[in-house]
Amino acid sequence: MNSRRKRKYSTGAAVCSIILVFLSFGAGRLHAQEIIIPLVTENNALVLEAGKAKELSIIYFGKKLANAQEYQLVPSAYRQTSDYSGLLNAAYTPSGSRNLMEPAITVTHADGHQSLDLRYVRHEQQQLDHDVTLLNITLKDPVYDFEVVLHYKAYVKQDVIEQWSVIRHGEKGNVTLHKYASANLYLKAGGFWLQQYHGDWAKEMRPEESKITHGIKTLDSKLGTRANIFQPSVFMISLNAPASEDEGTVLYGALSYSGNFRTDIELDYQDNLRIISGINNYASPYTLKPREAFTTPSFLYILSQKGKGYASRQLHDWARNYRILNGKGERLTLLNNWEATYFDFNENKLKALLRDTKKLGVDLFLLDDGWFANKYPRNNDNAGLGDWQENKTKLPNGIASLVKEAAANGVKFGIWVEPEMVNPKSELYEKHPDWVVKEPAREEHYFRNQLVLDLANPAVQDFVFRTMDDLFTRNPGLAYIKWDCNAVIYNAYSAHLGNHQNHFYIEYMRGLYRVLERIRAKYPDVPMMLCSGGGGRVDYEALKYFTEFWPSDNTDPLERIFMQWEYSYFYPAVATANHVTDWGKQPVKFRTDVAMMGKLGFDIVVAHLAEKDLAYCRNAIREYHSFKHIVWQGDQYRLADPRKDEIASIAYISKDRSEGVIFNYLTSNRYGAGSSRPIRLKGLDPAAMYQLEEISLYPGTTSPTDADRPYSGEFLMTVGFNPEVSGSRTSVVLRLQKK
Ligand code: DGJ
C-alpha cells in the first residue's frame, strides 16, 4: 500500500460530537480520497481504513501512537506477499466476490446469486459518555441493495471494544444469510499463540495453549443450551511470544452470547491472523426479509501490552462497571442444601437447615432442586421438571412457610429453578408435548433424563415468565434465584417454527433473552445465579441479567484453585459463586479459603461439623464480611502459578492500594513442598508501609507471621513475603493493611 497517498483523517481520540462522512456511492462513483478511522482507547488503537476502492480494512491494531497521522504509514512498513483479493485485512469479509479466505458474511441474494461485496459508505462516531464512544460504519454492496453496519463500542479506560453488526437489505425477496459474524479482526505479529479452554461436567475451564499454524482453528459449540460445557467462547491470543502474567501482548476474546457460537481463527498465507466470531451458523441459515434488521450478538475483545494479568484486571473493571447485573453491588453469603440433602427433604428438615443457616452466620438459605411437582414428584432427576407447584408431601405449607421461617431466623430465602427444561415424566409434558424441543417422528434422546422447552415459542416464553412471576408474587420475600440449565438440545425441532426450523437455535436464544428482559423489568434487583449443570453457561450476555455464575459442580478446593484461576482471567470474583462442600480431602479451612476468593457460600450439613470446624467457619464468615469488598471490587494479581510452582498465590488489592488479601495454598503433595522462596506482591504503593496479618486461622493455631512488623511496598514487591506454606500450613490467608 502506498503510504504517500492522501488520506483523510477521522477524529479518533477526542470525539465530542457526531461526525458524519457521506460519500456518493449509489451512483457507482467512488470518492478518490482514503479515509482513516482510528478507534482509540486508553492504551490502544484499532485503525480502519476505507481505501481508494472504499473497501474497509484494518490497518493497525496495537499500542496507540502519539501522532495519529502516522497510522497511515503502517501498511508501507510491511513487505509481505501479494494479497490477490484486497480483502485479507477486511474489517468484515464478504464472500462470493474476490474473497479467498474465511468470510465474515455469506449470503444468497433474492435473485439466487451468492456474491457479496461491501464498500464503505459513511461512518459516524459519538461520545456516549465521558468513557465510552460508539463508532458506526455503514458498508453497502455496490450492486445489491444490501448493507451491513459495523458497530464498535469502545470502553476507553478499560481498553475493551464491544463489536456487533446489523445486517439489512432492500432486495425484492428474502435473502438467506449463511454466515453472519459479529466481528472480523486482523492482527499482524511474528507468530501467534492460542489459549483455549475445554471441559465437561466437573472439568470446566481446562486451558490448552498452542502455536497457531496456517489454516483455520475453530472454537465452537453446537449444543444449543448449556453451550459452554465442552468449550466456552472465551480465548486468548498472544502475539510474538506466549504472554505471561505480566509481560507480552495478548488479546482476549469472548462472544457475548449464550447459544451456539463459532470463532474461526485463521492464519493466512501472509502469516497474519484473522479472527471471525459470531453465532454459529451450524444448521442455521437465516432467512432475512426485506428491511428486517438482523442484529448479531456482540464480540468483546481487549488487547493488553502488559500480559494476561493486566488484561484481566481491565476486563474485571469493565464487567463490574458496565455489564454484570449489580456488578458494583452487594452479594449474599448462603447455605445451599443440594449436597446436604439432594432430593431427600421435607419441611422439618428444611426448617432445621434454616436454623443452621443462622447458626453458621450466612445471609441466606438456598433451597435447591426437588421442592416441586405432585403427580410425578421430583424425588430424583427422572420426574417432575416443569411442574412448578410445591410438592405437597414435602412442603405441605408451601414455600411461603419457609420464607416466613427464614425471616423468623433472621436469614433470607432463595430458591432453585430450571424453567427452560422438562422431564418427559411431567404434567407439563403431558399437557404440552408441542412445547418440547424434539423431532416428532424420532425416538427421544435425553440429557439428564430431560428435554428442553421450545423458547422460540412465545407461549413457552410466557410460561417461563409466569413461572418466575408466580414464585415472586406468591412469595414476595424471595431473595435469591438459582437458575439452572442441565440439558443440551438433541433432535432440534420446534413445532412452533413449522418450516422455519433453520431459525430455531437463534429464536431459542432470542426467546430466552426476552424472558430474562421481562423478569428484569419487573424484578430488577433480585440476585440470580447463572448455573448450568455446573459451569455450562457463562457469558457476558447472560451476565446482563445475572449477578453471579456457578463455575462448576466440582468444588474440590484443589481443583477449584486451578479452575477459578482460569475463570478469573475473564470474570471478576464478585460474579464467581464458590461453595464450601465435602468434595476433596482438604480440611474445612482450606475449602473455605478457596471459596472466599469470590462469592462465598456453603453446601454442607452444618450439624455434621465438628465443634472447632463450626467455630472456624463462623469466624471465617465474619472475617470475609470485613474484606469481601477488596476481593469483589479490588484488583486481582496472580502471584504464584500452581501449574508452575508448588504453591498458588492470589492477591486482591484495593484500588487505592491501602489494603489487600492474599490467598496462598499448597498445591503439590511432593515431599517438602511449600513456599521455599518469598512471594513477590504486586500492585502496592512502593513508598507506603504495610503490615501483614494472618487471618482465617483455625481455632487453636497460631501464626508465624508477625502482624506488627512493617514492610515497605517496595520490599514486598521486590523481595516479597513468605507466607510459610508447607505440609502443615496448606492454606494461608494474609490481610494486608497500609500503616
Ligand atoms: C446442577 C447444579 O450444578 C447443581 O448445583 C444442582 O443445582 C443440581 N443441578 C440440581 O439438580
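The rules behind these values
- Residues numbered from 1 in each chain as written.
- Predicted model: local features only at pLDDT ≥ 70, side-chain atom pairs only at ≥ 80, totals over all residues.
- Heavy atoms only, no water.
- Pairing = 2+ DSSP bridges.
- Helix = DSSP H or I, 4+ residues; strand = E, 2+ residues; numbered from the N terminus.
- Contact = heavy atoms within 4.5 Å.
- Axes fitted to C-alpha atoms, helices over the stretch in contact; angles between N-to-C directions.
- Near = heavy atom within 4 Å.
- Polar contact = N/O pair within 3.5 Å; in protein donor to acceptor, adjacent residues only side chain to side chain.
- Areas by Shrake-Rupley, 256 points an atom, 1.4 Å probe, with all protein chains shown as cover.
- Nonpolar A, V, L, I, M, F, W, Y, C, P; charged D, E, K, R; others polar.
- 1 Å grid on protein atoms, 1.4 Å probe; cavity = no way out; pocket = protein on both sides within 12 Å on 5 of 7 lines; lining within 4 Å.
- Points joined across faces, edges and corners; volume = space filled by probe spheres on them.
- Domains from an automatic or database assignment.
- Buried area = accessible area lost by both parts, 1.4 Å probe.
- Salt bridge = Lys/Arg side-chain N within 4 Å of Asp/Glu carboxyl O.
- Parallel < 35°, antiparallel > 145°, perpendicular 65-115°, else oblique.
- Left-handed = near helix turned anticlockwise from the far one by under 90°.
- Phe/Tyr/Trp six-rings, centres within 6.5 Å; stacked < 30°, edge-to-face > 60°.
- Buried < 20%, exposed > 50% of the residue type's maximum accessible area, 1.4 Å probe, protein only.

A. Up close: the sheet that holds strand E31 (residues 599-602). Read from one edge to the other, the open sheet built from eight strands follows the order E29-E28-E27-E24-E23-E22-E31-E30, with strand pairing classed as parallel. Among the strands making up the open sheet, the edge pair consists of strand E29 (548-549) and strand E30 (577-580). Across four bridges, the pairing between strand E23 (residues 364-367) and strand E24 (residues 412-417) is parallel. Looking across to E24, one finds that leucine 367 is bridged to isoleucine 415. The sheet strands contacting helix H6 (residues 458-474) are E24 and strand E27 (478-483), and the helix crosses E27 at an angle near 150 degrees.

B. Molecular detail of the site of the ligand. Around the ligand sit 13 residues in total, of which Asp368, Asp369, Lys482, Asp484 and Asp553 are the nearest. Aspartate 553 places a polar side-chain atom, nitrogen or oxygen, 2.5 Å from an oxygen atom of the ligand. Against a free-state accessible area of 290 Å², the protein chains account for coverage of 98% of the ligand. For the shell around the ligand, a count of residues per class yields four nonpolar, three polar and six charged.

C. Molecular detail of empty space enclosed by the protein. Overall, the coordinates contain nine cavities of 30 Å³ or more when judged by the stated rule. Considered as a void within the structure, the largest cavity measures approximately 100 Å³ in volume. Forming the boundary of the largest cavity are 13 residues, of which Gln564, Ser568, Met597, Gln636 and Tyr652 lie nearest the centre. In terms of residue class, the lining of the largest cavity is built from nine nonpolar, four polar and no charged. A domain-level breakdown of the lining of the largest cavity finds at least three residues from each of domain 3 (535-632) and domain 4 (636-738). The computed volume of the second largest cavity comes to approximately 60 Å³. Along the walls of the second largest cavity sit Gly199, Glu204, Met205, Asn228, Ile229, Pro232, Gly535, Val538 and Tyr567, which together make up its complete lining. Residue composition of the lining of the second largest cavity, grouped by class: five nonpolar, three polar and one charged. Domain assignment of the residues forming the lining of the second largest cavity places at least three in each of domain 1 (85-323) and domain 3 (535-632).

D. Inspection of the sheet that holds strand E37 (residues 731-738) at higher detail. If you walk across this open sheet you meet the six strands as E32-E33-E34-E37-E35-E36, and the pairing is antiparallel. Strands at the two margins of the open sheet, each flanked by one partner only, are strand E32 (635-640) and strand E36 (710-712). Sheet twist, expressed as the average angle between the axes of neighbouring strands with direction ignored, equals 25 degrees. Relative to E37, strand E34 (residues 659-666) runs antiparallel, the two sharing seven bridges.

E. Molecular detail of the domain arrangement of the protein chain. What the domain assignment lists for the protein chain is domain 1 (85-323), domain 2 (332-526), domain 3 (535-632) and domain 4 (636-738). One C-alpha centre belongs to domain 3, the other to domain 4; they are set 19 Å apart. If you look at the interface, domain 3 gives 25 residues, while domain 4 gives 28 residues. Carbon and sulfur atoms supply 66% of the area buried between domain 3 and domain 4, which totals about 2,500 Å² over both sides. Considering only the side of domain 3, the residues that lose the most area to domain 4 are Phe562, Trp565 and Ile630, jointly responsible for 27% of the buried surface there. Across the contact surface, domain 3 and domain 4 share one salt bridge. For the salt bridge of arginine 643 with glutamate 566, the shortest nitrogen-to-oxygen distance reads 2.7 Å. Ranked by the residues each element gives to the side of domain 3 that touches domain 4, the list is headed by helix H10 (residues 611-633), at 10 residues. Considered class by class, the residues forming the side of domain 3 that touches domain 4 number 16 nonpolar, three polar and six charged.

F. Highlighting the layout of surface pockets. By volume, the largest pocket is sized at about 720 Å³. Contributing to the lining of the largest pocket are 29 residues, with Glu245, Leu639, Ala640, Asp641 and Lys644 lying nearest its centre. Residues that form the lining of the largest pocket fall into these classes: 10 nonpolar, five polar and 14 charged.

G. Fine view of the packing of helix H3 (residues 347-360) against helix H4 (residues 398-408). Orientation of H3 relative to H4, taken along the N-to-C sense of each, is 25 degrees, at an axis distance of 9 Å. Here H4 runs roughly parallel to H3, going by the angle between their axes. Between H3 and H4 lies a crossing of right-handed hand. Contact residues: H3 offers Glu347, Leu350, Lys351, Leu354 and Arg355, while H4 offers Ser401, Leu402, Glu405 and Ala406. Here the residues of the contact of H3 with H4 sort into four nonpolar, one polar and four charged.

H. Quick look at the packing of aromatic side chains. Scanning the model with the defined rule gives 41 aromatic pairs in all. When the centroid spacing of 6.1 Å and the interplanar angle of 85 degrees are considered together, the rings of tryptophan 483 and phenylalanine 546 count as edge-to-face. Of this pair, tryptophan 483 sits in strand E27 while phenylalanine 546 sits in the loop between strand E28 (528-530) and E29; the two residues are 63 residues apart in sequence, bridging distant segments of the chain. Under the relative-accessibility criterion, phenylalanine 546 is labelled buried at 1%. When the ring of phenylalanine 549 is compared with that of tyrosine 567, the centres are 5.2 Å apart and the planes differ by 55 degrees; the resulting orientation is tilted. Residue phenylalanine 549 is located in strand E29, and its partner tyrosine 567 is located in helix H8 (residues 557-570); the two are separated by 18 residues in the primary sequence.

I. Local environment of the pattern of salt bridges. A complete count under the given rule lists 44 salt bridges for this structure. For arginine 119, the salt bridge is made with aspartate 117, and the minimal N-O distance between the two is 2.8 Å. Across the pair, aspartate 117 and arginine 119 agree in class, each one buried. When salt bridges that share partners are traced, they join Glu55, Arg98, Asp117 and Arg119 into one network.

J. Highlighting the pairing of E34. Within E34, eight of the eight residues are buried, leaving the element largely enclosed by the surrounding structure. What you see with E34 is no split at all: Glu659, Val661, Phe663 and Tyr665 on one side and Gly660, Ile662, Asn664 and Leu666 on the other are buried throughout. Pairing between strand E33 (residues 647-653) and E34: seven bridges, direction antiparallel. By the bridge assignment for E34, alanine 648 is matched with tyrosine 665. Between E33 and E34, which pair antiparallel in sequence order, lie five residues; one of them, arginine 657, sits at a positive phi of approximately 60 degrees.

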